[in-house]
Amino acid sequence: MPTWTRTLRETGVTDPELRAAYGQQRRLVRRFRTAEYLTVRLLLPARLHPSVVAAVAFMHETDERIDTGTREARGAALESWATATRAALDGATATDATLRALADTATRHPQLPRHIETFLRGARHEVDYTGFDTEEELQSYVDGYSLPAFMLLTCLLDREESVEDEEFVRRCRDLIEAMQRIDFLDDLAEDAAHGQVGIPGKDLEHHGLSVETLRNPTESVRARLGQLMAEQVELTRPPLSASKRLADLASPGTRPFVAALLEVQELRLRAIGRKGGGLVDGAARPSVPAMLGVLARQYRVARRTR
């Protein structure tokens, strides 16, 4: 793995202010997404590291800006951030380091700006989010917000020349649906404490559960939640299985990264299935040796393709 300084130099990022902006994004991502940062640095070609870091940092910054306050305040924050982002992409000098790095990344990846625009429009789903009543509302959230966010990353990855955009996006959609469901299940206890969860209300009601019962769980609640978790795990398996095709669509250089992402979701889903109703007490924890095994195995593959 090359040093960050060497990575920037070989990517052509030579301007001191721009290097500082990328460095700030790197520190941010390394802090709040340590495992993902390490995966990027070990498994992706070095020339993609600054761009991927900039895209992930932008997603995080957007989420941070629209995550707190009243709906009106979150909406106003989104509009202000979207205006600043569009100006930076149009060539205005950005005072924000996240936007300076993002704008530079957009010049290196011409496909990125349209995905940024789709993501900014879709972020309204997150501003308005108060949980879901139905499965249809969850699917609308995945289409409107989760997928556009995921495409900020995956549009940067190389793919086989014969791969059609439509097929690639379809498999990305499968994977992000699975990942979003896994996140909602894993975050159940934390989300319930904040008054809303990512499991549709109709599914909770079917098992005699509510956000309030999840906040004050009894053994009966844990037993019923265990049944619901088993159902939710089964709902997650089809899109996760379909998404495995994504590794075949990626180029050899980016395939280890995609394969690792897929394998990690499998480990997370199994951990959720094992914990079952205990998720009301906290997140599941996949086996650390298994996680490290995925990283080591795909790192060996990545080394062979370089």
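Being a predicted model, the structure only gives us computed values, none of them experimental.

### Observations regarding the packing of helix H16 (residues 255-275) against helix H17 (residues 288-305)
Link 1 in the chain: The contact between H16 and H17 brings their axes to 9 Å, and the two run at 165°. Considered as vectors, H16 and H17 are oriented roughly antiparallel to each other. Crossing of H16 over H17 shows right-handed handedness. On H17, the residues touching Pro256, Ala259, Ala260, Glu263, Val264 and Leu267 of H16 are Ala290, Met291, Val294, Arg297, Gln298, Val301 and Ala302.

### Considerations on the pattern of salt bridges
Link 1 in the chain: Inspection of every chain in the model, using the stated rule, returns 25 salt bridges.
Link 2 in the chain: Salt-bridge contacts for arginine 6 lead to glutamate 10; the nearest nitrogen and oxygen are separated by 2.7 Å. Highlighted residues: arginine 6 and glutamate 10, both in helix H1 (residues 4-11), separated by 4 residues, approximately one helical turn.
Link 3 in the chain: A relative accessible area of 40% means that arginine 6 is categorised as partly exposed.

### Structural notes on the packing of aromatic side chains
Link 1 in the chain: Tallied over the full model, the rule gives 10 aromatic pairs.
Link 2 in the chain: Considering the side-chain rings of tyrosine 129 and phenylalanine 184, the 6.3 Å spacing of their centres and the 15° angle between planes classify their relative orientation as stacked. Of this pair, tyrosine 129 sits in the loop between helix H8 (124-127) and helix H9 (135-154) while phenylalanine 184 sits in helix H10 (residues 165-186), and the two are 55 residues apart along the sequence.
Link 3 in the chain: Residue tyrosine 129 is classed as buried on the basis of its relative accessible area, which comes to 12%.
Link 4 in the chain: Overall, the relative accessible area of 8% leaves phenylalanine 184 in the buried class.
Link 5 in the chain: With a centroid separation of 6.1 Å and 50° between ring planes, the pair formed by tyrosine 141 and phenylalanine 184 is classed as tilted. Placement of the pair is tyrosine 141 in helix H9 and phenylalanine 184 in helix H10, with a sequence separation of 43 residues. With respect to class, tyrosine 141 is no different from phenylalanine 184; both count as buried.

### Thoughts on the nonpolar core
Considering soluble globular proteins, one finds that nonpolar side chains tend to be buried as a cluster.
Link 1 in the chain: Phe58 and Leu214 are the most contacted members of the largest nonpolar core, which has 95 residues in total.
Link 2 in the chain: Counting residues per element, this core draws most heavily on H9, at 10 residues.
Link 3 in the chain: Dropping the residues within four chain positions of it, phenylalanine 58 is found in contact with Trp81, Thr85, Thr98, Leu99, Leu102, Ile116, Phe119, Leu120 and Leu152.

### Some words on helix H6 (residues 97-108)
Since the α-helix packs 3.6 residues into each turn, any two residues three or four apart lie on the same face.
Link 1 in the chain: Spanning 12 residues, H6 covers 17 Å between terminal C-alpha atoms, matching the ideal 16 Å at 1.5 Å per step.
Link 2 in the chain: Judged by how many residues are buried, H6 sits mostly within the fold: 9 of 12 residues are covered.
Link 3 in the chain: Among the residues of H6, those classed as buried are Ala97, Thr98, Leu99, Ala101, Leu102, Ala103, Asp104, Thr105 and Ala106.
Link 4 in the chain: Tucked into the core, H6 has its buried residues touching helix H2 (16-32), helix H4 (49-65), helix H5 (71-89) and helix H7 (112-122).
Link 5 in the chain: In this structure aspartate 96 caps H6, since a side-chain oxygen of it lies 2.8 Å from the backbone nitrogen of threonine 98.

### Points about H2
Link 1 in the chain: For H2, spanning 17 residues, the distance from its first C-alpha to its last is 25 Å, which sits close to the expected 24 Å at 1.5 Å a residue.
Link 2 in the chain: Every buried residue belonging to H2 is among Leu18, Ala21, Tyr22, Gly23, Gln25, Arg26, Leu28 and Val29, and all of these are buried.
Link 3 in the chain: Packed against the buried residues of H2 are H1, helix H3 (34-43), H4 and H6.
Link 4 in the chain: Near the N-terminus of H2, the side chain that reaches the backbone nitrogen of glutamate 17, with its oxygen 3.1 Å away, is that of aspartate 15.

### Points about a negative patch on the surface
Link 1 in the chain: A grouping of Asp133, Glu136, Glu137 and Glu205 is seen on the molecular surface, where their side chains present a negatively charged patch.
Link 2 in the chain: A residue is classified by how much of its surface remains accessible, and glutamate 205, at 55% relative accessible area, is exposed.

### Focus: the packing of H9 against H10
Helices that pack against each other are described as a pair by the angle of their axes relative to one another and the distance between those axes.
Link 1 in the chain: Close contact between H9 and H10 brings their axes to 8 Å; oriented N to C, the two are set at 115°. On the basis of the axis angle, H9 is roughly perpendicular to H10. As H9 packs across H10, the resulting crossing turns out to be right-handed. The residues of H10 that touch H9, namely those facing Glu135, Leu138, Gln139, Tyr141, Val142, Asp143, Ser146, Leu147, Phe150, Met151 and Thr154, are Phe168, Val169, Cys172, Arg173, Leu175, Ile176, Glu177, Met179, Gln180, Arg181 and Phe184.

### Re the environment of threonine 254
Link 1 in the chain: Locating threonine 254 in the fold gives a position in the loop between helix H15 (245-249) and H16.
Link 2 in the chain: Excluding its chain neighbours within four sequence positions, the residues that come into contact with threonine 254 are Leu44, Pro45, Leu48, Leu157 and Asp158.
Link 3 in the chain: Engagement of the side chain of threonine 254 in a polar contact is seen with the backbone oxygen of aspartate 158, the distance being 2.9 Å.

Definitions and limits used
- Residues numbered from 1 in each chain as written.
- Predicted model: local features only at pLDDT ≥ 70, side-chain atom pairs only at ≥ 80, totals over all residues.
- Heavy atoms only, no water.
- Axes fitted to C-alpha atoms, helices over the stretch in contact; angles between N-to-C directions.
- Helix = DSSP H or I, 4+ residues; strand = E, 2+ residues; numbered from the N terminus.
- Parallel < 35°, antiparallel > 145°, perpendicular 65-115°, else oblique.
- Left-handed = near helix turned anticlockwise from the far one by under 90°.
- Contact = heavy atoms within 4.5 Å.
- Salt bridge = Lys/Arg side-chain N within 4 Å of Asp/Glu carboxyl O.
- Buried < 20%, exposed > 50% of the residue type's maximum accessible area, 1.4 Å probe, protein only.
- Phe/Tyr/Trp six-rings, centres within 6.5 Å; stacked < 30°, edge-to-face > 60°.
- Core = buried A, V, L, I, M, F, W, Y, C linked by side-chain atoms within 4.5 Å.
- Expected span 1.5 Å × (residues − 1).
- Polar contact = N/O pair within 3.5 Å; in protein donor to acceptor, adjacent residues only side chain to side chain.
- Patch = residues over 30% accessible without salt bridge, like charges linked within 9 Å, V, L, I, M, F, W, Y side chains within 5 Å.
- Areas by Shrake-Rupley, 256 points an atom, 1.4 Å probe, with all protein chains shown as cover.
- Lys, Arg positive; Asp, Glu negative; His and termini not counted.
- Charge placed at Lys NZ, Arg CZ, Asp CG, Glu CD.

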